[in-house]
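Here are the chains, one letter per residue:
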Amino acid sequence: GGLRTYWLPSQRRRTADSSKKSGKALVGDVDYREVCGVAGWITPVPGGVGPMTVAMLMRNTLHIARRLALKEKPLPLDQWILRCLPLKLQDPVPSDIAVARSQTPKDVMEVAEEIGLLPSEIEPYGSHKAKVSLSVLDRLRDQPNGRYVVVTGITPTPLGEGKSTTTIGLTQALGAHLKQNVFACVRQPSQGPTFGIKGGAAGGGYSQVIPMEEFNLHLTGDIHAITAANNLLAAQIDTRMFHEATQTDKALFNRLTPKKKGKREFSAIQIRRLEKLGIQQRSPAKLTAEEMRRFSRLDIDPATITWNRVMDTNDRYLRRITVGQSATEKG
């Protein structure tokens, strides 16, 4: 049931080719049509197969063999081959940033290979960060569950409680010294505390996540994406309130159902709104004035609806801001 690979040796030879300036072309001696009936994959090239093509073919063959081996026999939990990075302890212990920069992190794809993850299950973000696809849960569904240890605290201080440092230190002890397969699961830091008195949230000393700057600032950018999505919705709400306050029912309805090729039609999402309102008519031209008003207006009351804009830093002067107060906004 293993992977079999056959290499078809060929020697280059010259054949007549009127399209070439010399009248000849350099080709291989493999009969392409005959080989097609035998080979599962074939890459014909007019000039023969060069060393780069050979190298990549062998590399791909190795990757496929590894993937098939893992697929047919999942990697047991006791077969991780983790190479721990050596620590160069200093006395006194330097600053957290100095400790973080004194160590060169392993490439994230190397870590993935050491713990038995497939290349297709990893989405790299640079050399030191990656997301793991949830499909790995399906592949390893027959593996026994591990033990889950929660590190928490109930004595908050301005500088934190030491949960991250304890978590990373405990993981180091279990992995590097007791040779257990272990992951540390910590949340992505917010830039508010990072730039405040507390500082980062990567741990401290020799028990911290590296690269510290990437972990504390942006990681994979998910927090920024959430910020943009939240603020986009806030802008949509404000814009809708502005247009409803400055336009007639008919004008608002015409903007929501513009003519396309001389005809107005409801979109799929608009039909769902009609169903929610209990309006049976599906032709924009046949709606009554009252149905047009109900369809077009959300009638959001700014006194009862609060949707905050957000940002991932502490900015005191942006607190308690309200919008729509200007006369031009009809607020």
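> Lay out the side chain of Gln270 in plain terms, naming residues and giving numbers.
Tracing the chain through its elements places Gln270 in helix H11 (residues 268–277). Classification of Gln270 as buried rests on a relative accessible area of 14%. A distance of 2.8 Å separates a polar side-chain atom of Gln270 from the backbone oxygen of Leu256.

> Which residues make up the pattern of salt bridges, and what values go with them?
Considering all chains together, one arrives at 12 salt bridges under this definition. Ionic pairing is found between Lys131 and Asp222, a salt bridge with its closest N-O pair at 3.0 Å. Pair noted here: Lys131 is in strand S4 (residues 130–132) and Asp222 is in helix H9 (residues 222–246), with a separation of 91 residues, a long-range link. Take Lys131: its relative accessible area is 28%, and that puts it in the partly exposed class. The residue Glu265 makes a salt bridge to Lys263 at a minimum N-O spacing of 3.5 Å. Of the two residues, Glu265 and Lys263, both sit in the exposed class. A single salt-bridge network, built from bridges that share partners, covers Glu290, Arg293 and Asp299.

> If you had to explain the packing of aromatic side chains to someone new, which residues and values would you point to?
Two descriptors summarise a pair of aromatic rings, namely the distance from one centre to the other and the angle between the planes of the rings. Evaluated as defined, the whole model comprises 4 aromatic pairs. Pairing Phe253 with Phe295 gives two aromatic rings, centres 5.8 Å apart and planes at 70 degrees, and the pair type is edge-to-face. Highlighted residues: Phe253 in helix H10 (residues 249–256) and Phe295 in helix H12 (residues 289–296), separated in sequence by 42 residues. Given a relative accessible area of 3%, Phe295 falls into the buried group. Through successive ring pairs, a cluster of aromatic residues spans Phe253, Phe266 and Phe295.

> Explain the nonpolar core to me, and be specific about the residues and the numbers.
Within the largest apolar cluster, 7 residues are counted, these being Phe253, Phe266, Leu274, Ile279, Leu287, Met292 and Phe295. Those residues in contact with Leu274, other than ones at most four positions away along the chain, are Phe266, Ile279, Gln281, Arg282, Leu287 and Phe295. Grouped together as the second largest cluster of nonpolar side chains are 6 residues, Trp80, Ala112, Ile115 and Leu117 included.

> Mind laying out the packing of H10 against H12, listing which residues take part and the relevant values?
H12 packs onto H10 with a crossing angle of 60 degrees between their chain directions and a minimal axis gap of 9 Å. For the crossing formed where H10 meets H12, the hand is left-handed. Between H10 and H12, the residues in contact are Asp249, Lys250, Leu252, Phe253 and Leu256 and Met292, Arg293, Phe295 and Ser296, respectively. Of the residues that constitute the contact of H10 with H12, the class distribution is 5 nonpolar, 1 polar and 3 charged.

> Describe in detail helix H6 (residues 163–177), supporting the description with residues and values.
Given a rise of 1.5 Å per residue, 15 residues ought to cover 21 Å, and the 20 Å separating the end C-alpha atoms of H6 matches this to within 8%. The set of residues buried in H6 consists of Ser164, Thr167, Ile168, Thr171 and Gly175. Mapping the buried residues of H6 onto a view down its axis gives an arc of 90 degrees, with all of them on the same face. Turning to H6, the residues buried within the fold contact strand S5 (203–204) and strand S6 (207–208). One or two steps after H6, the chain reaches Lys179, where phi turns positive at roughly 60 degrees.

> How would you sum up unusual backbone geometry? Please name residues and give values.
Of the consecutive residues Asp91 and Pro92, the connecting peptide bond is found in the cis state with omega at 5 degrees. Within the secondary structure, Pro92 sits in the loop between helix H2 (51–72) and helix H3 (96–101). With a phi close to 55 degrees, Lys261 is a non-glycine residue in the positive phi region. Its place among the elements puts Lys261 in the loop between strand S7 (259–260) and strand S8 (263–264). Among the residues examined, Lys261 registers a relative accessible area of 90% and is labelled exposed. Not every positive phi belongs to a glycine, and Asp299 is a case in point at roughly 50 degrees. Relative to the elements of secondary structure, Asp299 occurs in the segment after H12.

Rules and cut-offs
Residues numbered from 1 in each chain as written. Predicted model: local features only at pLDDT ≥ 70, side-chain atom pairs only at ≥ 80, totals over all residues. Heavy atoms only, no water. Helix = DSSP H or I, 4+ residues; strand = E, 2+ residues; numbered from the N terminus. Buried < 20%, exposed > 50% of the residue type's maximum accessible area, 1.4 Å probe, protein only. Polar contact = N/O pair within 3.5 Å; in protein donor to acceptor, adjacent residues only side chain to side chain. Salt bridge = Lys/Arg side-chain N within 4 Å of Asp/Glu carboxyl O. Phe/Tyr/Trp six-rings, centres within 6.5 Å; stacked < 30°, edge-to-face > 60°. Core = buried A, V, L, I, M, F, W, Y, C linked by side-chain atoms within 4.5 Å. Contact = heavy atoms within 4.5 Å. Axes fitted to C-alpha atoms, helices over the stretch in contact; angles between N-to-C directions. Left-handed = near helix turned anticlockwise from the far one by under 90°. Nonpolar A, V, L, I, M, F, W, Y, C, P; charged D, E, K, R; others polar. Expected span 1.5 Å × (residues − 1). Arc of directions from axis to C-beta.

Purely geometric numbers; function is a separate question.
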